[in-house]
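# Overview (structure and organization)
Residue strings, one per chain:
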Amino acid sequence: MRLNILGTGHGTATECYNTCFTISNGVEHFLVDAGGGNGILKQLKSSKIEIENIKNIFVSHIHMDHLLGVLWIIRIFARKFYKKELIEPVKIYGNDEVISALNKICEIVIPKDFLFLLNDKIKFIEVKTNDRVKILDFDVEFIDLSAKKVKQFGFVIKKDDVNLFTFIGDEVCSANTEKYLNNTKWLFADAYMAGEEAERHNPIERHHHSTVKYVAEMSERLNVENLVLSHTIDNDLKNRKEKFTNDAKKYFKGNIFVPDDLEIIEIEEEL
Ligand SMILES: [Zn+2]
């Protein structure tokens, strides 16, 4: 299993793509968020991911930097289904706000000839907290992150009730969510800023975005094994990996990953 990191930036990043990734088993891909636009197509192409091999998509919340890229994927899927190049439906999961937004936007922007494919071949599936589905042969449990800005969901991949992989979106982790981080093998988290810059700017108060220190301390306390930090500012990408990793190391003893766009992170076979 591997993570294909498609983007690593925050909402208005210009030096890298917005944070999104796939969990992949070599054949099939589970896409998590899609960034803010058409750039998703380039990121997928550069990662050698064929769109038709994406079978499941999850959109965490309605903010543009997570949702709008999905429209391009829907458009490409729609054409392929229309031409009968594809048979098996693609599933797009999200909370009620996400599904309502996708329905509304698609009705306006997707070519009319393709509209009948929505919810037939392109399935919008509204999920509630603690709903479980099978993706890539794993139990994926969607979780309401109790976010402050708009309703935001994450998910945890579980095996025999052990937390294997936890995704907590782009806000500060709430107390309710902590149980999904307990002993998790992999945590994918937002870390907007590192070190002194984070101290000075205080993104936790100002934007409800996390800092490296906050996430690393929490991960140490909750016994996380591997920590992936993303959704960062893009003002110093050249030094980001080193700066963010060194800051996280001060508070967290597990493995730390601060990926660049298009990086691949190999994760254990059993996940
Ligand atoms: Zn975001």
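For the structure, see preceding data.
Predicted, not measured: the structure shown is a model, and the values here were computed from it.

## Quick look at the overall build of the chain
Looking only at helices and strands, the chain has seven helices and 14 strands in total. Scaling as 2.2 N^0.38, a compact globule of 271 residues should have a C-alpha radius of gyration of about 18 Å, and the chain matches this with 18 Å. In terms of principal-axis extent, the alpha carbons of the chain reach across some 55 × 40 × 35 Å. Every one of the 271 residues in the chain was classed for burial, and the buried ones make up 46%. Long-range pairs, those at least 24 residues apart, make up 61% of the contacts in the chain with a sequence separation of at least 6.

## Side note on the sheet that holds strand β12 (residues 226-230)
Overall, mixed pairing links the seven strands, which are arranged β7-β8-β9-β10-β11-β12-β13 in an open sheet. With partners counted over all chains shown, the strands left at the sheet margins are β7 (132-135) and β13 (255-257), one partner each. The sheet shows a mean angle of 25° between the axes of neighbouring strands, direction not considered. As defined by bridge partners, β7 adjoins strand β8 (residues 138-144) across four bridges and the pair is classed as antiparallel. Note that in β8 the partner of R132 across the bridge is E141. Strands β11 (186-190) and β12 of the sheet are contacted by helix α6 (residues 212-221), whose axis makes an angle of about 160° with β12.

## Quick word on unusual backbone geometry
For N130, which is not glycine, the phi dihedral falls at a positive 75°. On the secondary structure map, N130 appears in the loop between β6 (122-126) and β7. The exposed category is assigned to N130, around which 9 C-beta atoms lie within 10 Å. Positive phi, close to 65°, is recorded for N223, a residue that is not glycine. C-beta crowding within 10 Å serves as the criterion here: with 12 such atoms nearby, N223 is assigned to the exposed category.

Cut-off values and rules
Residues numbered from 1 in each chain as written. Predicted model: local features only at pLDDT ≥ 70, side-chain atom pairs only at ≥ 80, totals over all residues. Helix = DSSP H or I, 4+ residues; strand = E, 2+ residues; numbered from the N terminus. Rg over C-alpha atoms; globule rule 2.2 N^0.38 Å. Buried ≥ 20, exposed ≤ 12 C-beta atoms within 10 Å, placed from the backbone. Contact = placed C-beta atoms within 7 Å. Pairing = 2+ DSSP bridges. Axes fitted to C-alpha atoms, helices over the stretch in contact; angles between N-to-C directions.

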